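Structure at a glance
Listed here are the chains, written in short residue letters.
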Amino acid sequence: MLKVQHISGGYGTIPLLSDISFDVEEGKMVGILGPNGCGKSTLLKVISGIMSPTFGTIMIDGNDINEYSTRELARKMTILPQLHASAFSSTVRDTVSIGRYPHQSGFFSSWGAEDENAVKKAMQQTDIEKYENQYLEYLSGGEQQRVFIAQALAQVSKLLLLDEPTNHLDIAHQKQILDMIRKEVIESNLTVVSVFHDINLASLYCDEVLLMENGKVKAFGPPHEVLLEERIEDVYKTQISIQAHPEQPKPQMTILPVIQEQTKEKRITVENLKLNEEYIEFRSHFPLRVLSSAVHNAGLGWYANFMNRTVKPDYDIEHVKEEYLQYLVSKGFSPTNTVGMMTAVDTSKAVIKSYEMPFGEVIIAVTAGVGNAIDVSQSYKRNNFFEVGTINTWVIINGKLSDEAFVQAMMTATESKAKALQEEEVYDCISNTLATGTTTDSLLIAATQQGELMQYGGPITEVGKVIGRGVFEATVEAIHTYRKGDS
Ligand SMILES: Nc1ncnc2c1ncn2[C@@H]1O[C@H](COP(=O)(O)OP(=O)(O)OP(=O)(O)O)[C@@H](O)[C@H]1O
């Protein structure tokens, strides 16, 4: 639909854009990204025909844009420039109606139902109907931005060129405008080329992104191919981290502040753990990075407190998560800062072990109830039912682990637990084979994230070795304690 071919150009004698080429298919949304002053707005002006390039061509629907008359071009494409002006003296409706100019044979002389409908629809889409008769100067920056987006939409062209369309908008309106534009892309085959400052929004909403640096194309393609951590750091000259979006295959970026608040020493000891008959608690004055399969706040996150709570063996509550949250509050724990597990075992009998390692102390806490033990390779022979006979394991590390090391630490700890059950000859009572765990085990790996980075956590790494040994020893001891209590 749009072909940008070898574009070079700038202002006067200053060369700015250099040999820029890319294609945009009909019904696609492309985001232009890059640091301040790299030429994003200038490129948009050249594509729209506002500025002429010194070299190269812009083709729309197979024709050079210079072959179209001004009015023809305005029906093909709409440009929404950056909002700068502050003095307006027209109403919202009149401003949106200007978008219909390319469809008039004489200015406002042939205004018809189609124009009326386009203006109405654009005002609805941007949620500005309620300001219809107000003067623009009485609206906030974000409201004015929405009026200009409505004006661009009212033009109803096939190609929309936007320069920071969500500038000045709060998050709800950013989402509303981008959702609406995306809907038009999908349902009406609208083609969009838009400048973004927010890399995350561009990643979420665009099919492809064009990353610019000093007037040149640094990379062009789908967000997951272009938005690489090292490349963004190199182009923007700043420290960032890229993670997966929780629900979509779109990379998301977070800024890494250089200046960190200096708190007290970030070290944990067995003193941070306390046992009573109701629960084991771990409390720290700073959050640790945690990966867990807990009942409350499972997954990867940052938490300062952990709880492993005893419940009655017949505990059967419909809304377990809600009940757990209320329990945490009643015991003075912050629900947003606590990971919570549960067990039917008397938590005052938990086994806590500490291992001094060159990188720091590693603390392991285990509660083991094995009445509900199972051989995972035979579990398909069972009916699904929930019981609270559980092995809960905490591995708390004074050290810094990569994401990879966290997952490997989980595997190492799980294998070590299975070995402890084998050693203790714990059997699955249905299959009569050696058990590998119970039906509801939970595991938590936590790290202070201080010191040298440990990239791996497998069995022969320094941290893996202590996890393998520690989880085995603590689990064996916890099974002994459980069996003593049983007899
Ligand atoms: N009318 C102009 N005359 C001369 N130089 C200009 C003009 N407009 C922009 N420039 C310069 O061209 C360079 C690129 O500007 P442009 O607005 O295209 O950058 P941008 O990537 O959109 O930046 P930002 O992220 O800050 O909006 C800048 O150094 C700017 O000062």
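If you check an unreviewed UniProt entry, the protein appears there as Iron ABC transporter ATPase from Ureibacillus sinduriensis BLB-1 = JCM 15800.

Structurally, Asp-19 can be placed in strand 2 (residues 14-24). With 13 C-beta atoms counted inside 10 Å, the residue Asp-19 sits in the partly exposed group.

A few words on the site of the ligand. Surrounding the ligand, one finds Tyr-11, Leu-16, Gly-34, Asn-36, Gly-37, Cys-38, Gly-39, Lys-40, Ser-41 and Thr-42. Residue composition of the shell around the ligand, grouped by class: three nonpolar, six polar and one charged.

Here the focus is the sheet that holds strand 1 (residues 2-11). Backbone hydrogen bonds are what pair the strands of a sheet, in a parallel or an antiparallel way. With antiparallel pairing, the four strands of this open sheet are ordered in space as 2-1-4-5. The two strands at the open ends of the sheet, each matched to only one other strand, are strand 2 and strand 5 (63-64). Bridge count between strand 1 and strand 4 (residues 55-60): five bridges; the pairing is antiparallel. Within the sheet, the bridge partner assigned to Val-4 lies in strand 4 and is Ile-58. Of the strands in this sheet, strand 1, strand 2 and strand 4 are in contact with helix 1 (residues 40-48), which crosses strand 2 at around 65°.

Once that is clear, we can look at the nonpolar core. Counting residues in hydrophobic clusters, the biggest one holds 63 residues, and the most contacted among them are Leu-33, Ala-150, Leu-161, Val-192 and Val-209. Among the elements that line this core, the one with the most residues is helix 5 (residues 141-154), at seven residues. Setting aside its immediate chain neighbours within four residues, Val-192 contacts Met-29, Val-30, Leu-160, Leu-162, Ile-181 and Val-185. Counting 62 residues, the second-largest nonpolar core is a separate cluster that includes Leu-291, Ala-365, Val-426 and Ile-479.

Looking now at the environment of Ser-284. By the secondary structure assignment, Ser-284 is in strand 14 (residues 279-292). When the C-alpha positions of Ser-284 and Ile-177 are compared, they lie 43 Å apart, and in sequence the two are 107 residues distant. Ignoring any residue separated from it by four or fewer positions in sequence, one finds Ser-284 in contact with Ile-268, Asn-272 and Ala-304.

Attention now moves to helix 6 (residues 171-188). Its 18 residues place the ends of helix 6 25 Å apart at the C-alpha level, agreeing with the 26 Å of an ideal helix rising 1.5 Å per residue. Considered for burial, the residues of helix 6 that qualify are Ile-177, Leu-178, Ile-181 and Val-185. Taken down its axis, helix 6 places every buried residue within 90° of arc, on the same side. The exposed set on the far side of helix 6, more than 90 degrees from its buried face, consists of Ala-172, Asp-179, Lys-183, Ile-186, Glu-187 and Ser-188.

So, on to the sheet that holds strand 7 (residues 159-163). Read from one edge of the open sheet, six strands run 6-7-8-3-9-10, paired in mixed fashion. In this open sheet, the two edge strands, each paired with only one partner strand, are strand 6 (77-80) and strand 10 (216-221). Direction aside, neighbouring strands of the sheet carry axes that sit 15° apart on average. Two elements, strand 9 (residues 208-213) and strand 10, share five bridges in a ladder whose sense is antiparallel. By the bridge assignment for strand 10, Glu-213 is matched with Lys-216.

Before going further, it helps to examine the pairing of strand 2. Across a regular strand the side chains alternate sides, sitting on one face of the sheet and then on the other. Both strand 1 and strand 2 contribute to a ladder of seven bridges, which runs antiparallel. Bridge pairing links Ile-7 to Ile-20 in strand 2. The turn joining strand 1 and strand 2, which pair antiparallel and follow one another in sequence, is formed by two residues; a positive phi near 60° is taken by Gly-12.

In this model, Glu-425 sits at a positive phi of 50°, which is unusual for a non-glycine residue. Mapped onto the secondary structure, Glu-425 falls in the loop between helix 11 (403-423) and strand 22 (437-438). Looking at Glu-425, the number of C-beta atoms within 10 Å reads 9, which means it is exposed.

To continue, consider the domain arrangement of the protein. For the protein, the domain assignment lists domain 1 (2-255) and domain 2 (270-486). Computed from C-alpha atoms alone, the centre-to-centre distance between domain 1 and domain 2 is 51 Å.

Attention now goes to the environment of Gly-141. Tracing the chain through its elements places Gly-141 in helix 5. For Gly-141, a count of 11 C-beta atoms within 10 Å translates into the label exposed. Each C-alpha atom of the pair Gly-141 and His-168 lies 5.9 Å from the other, and the pair is 27 residues apart in sequence.

Running from amino to carboxyl end, helix 4 (residues 113-125) crosses helix 5 at an angle of 140°, the nearest separation of the two axes being 8 Å. One element, helix 4, and the other, helix 5, form an angle in the oblique class. Helix 4 and helix 5 meet at a crossing whose hand is right-handed. Contacts from Ala-118, Val-119, Ala-122, Met-123 and Gln-125 of helix 4 reach helix 5 at Ala-150, Leu-153 and Ala-154. Residue composition of the contact of helix 4 with helix 5, grouped by class: seven nonpolar, one polar and no charged.

What counts, and where the lines are drawn
- Residues numbered from 1 in each chain as written.
- Predicted model: local features only at pLDDT ≥ 70, side-chain atom pairs only at ≥ 80, totals over all residues.
- Helix = DSSP H or I, 4+ residues; strand = E, 2+ residues; numbered from the N terminus.
- Buried ≥ 20, exposed ≤ 12 C-beta atoms within 10 Å, placed from the backbone.
- Near = placed C-beta within 6 Å.
- Nonpolar A, V, L, I, M, F, W, Y, C, P; charged D, E, K, R; others polar.
- Pairing = 2+ DSSP bridges.
- Contact = placed C-beta atoms within 7 Å.
- Axes fitted to C-alpha atoms, helices over the stretch in contact; angles between N-to-C directions.
- Core = buried A, V, L, I, M, F, W, Y, C linked by C-beta atoms within 7 Å.
- Expected span 1.5 Å × (residues − 1).
- Arc of directions from axis to C-beta.
- Domains from an automatic or database assignment.
- Parallel < 35°, antiparallel > 145°, perpendicular 65-115°, else oblique.
- Left-handed = near helix turned anticlockwise from the far one by under 90°.

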